[in-house]
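A look at the structure
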Amino acid sequence: MGVPEIILIAVCALIVIGVAAASVIRKKQGKSSCDCGGDCSRCRGCAYSRNEKKK
């Protein structure tokens, strides 16, 4: 394995870690990571967020 392949693997791993960290931060802020289009009344992810906020 050459240097370019190692760099590519490292960059891909950093992207995955960044996406996972962003998801955790959004969940802690009470925001959903779903794509409900703003109609949260029937969205399970948004309803879950609202229930967690009440506690």
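About the thresholds
- Residues numbered from 1 in each chain as written.
- Predicted model: local features only at pLDDT ≥ 70, side-chain atom pairs only at ≥ 80, totals over all residues.
- Heavy atoms only, no water.
- Helix = DSSP H or I, 4+ residues; strand = E, 2+ residues; numbered from the N terminus.
- Buried < 20%, exposed > 50% of the residue type's maximum accessible area, 1.4 Å probe, protein only.
- Areas by Shrake-Rupley, 256 points an atom, 1.4 Å probe, with all protein chains shown as cover.
- Patch = residues over 30% accessible without salt bridge, like charges linked within 9 Å, V, L, I, M, F, W, Y side chains within 5 Å.
- Salt bridge = Lys/Arg side-chain N within 4 Å of Asp/Glu carboxyl O.

Regarding its fold elements, the chain presents two helices and zero strands. When each of the 55 residues of the chain is scored for burial, the buried share is 7%. Of the accessible surface of the chain, which amounts to about 4,900 Å², a share of 64% is contributed by carbon and sulfur atoms.

Let us look at a nonpolar patch on the surface. On the surface, Val-3, Ile-7, Val-11, Ile-15 and Val-19 cluster together into a nonpolar patch covering about 460 Å² of accessible area. In this fold, Ile-7 is placed in helix α1 (residues 3-28).

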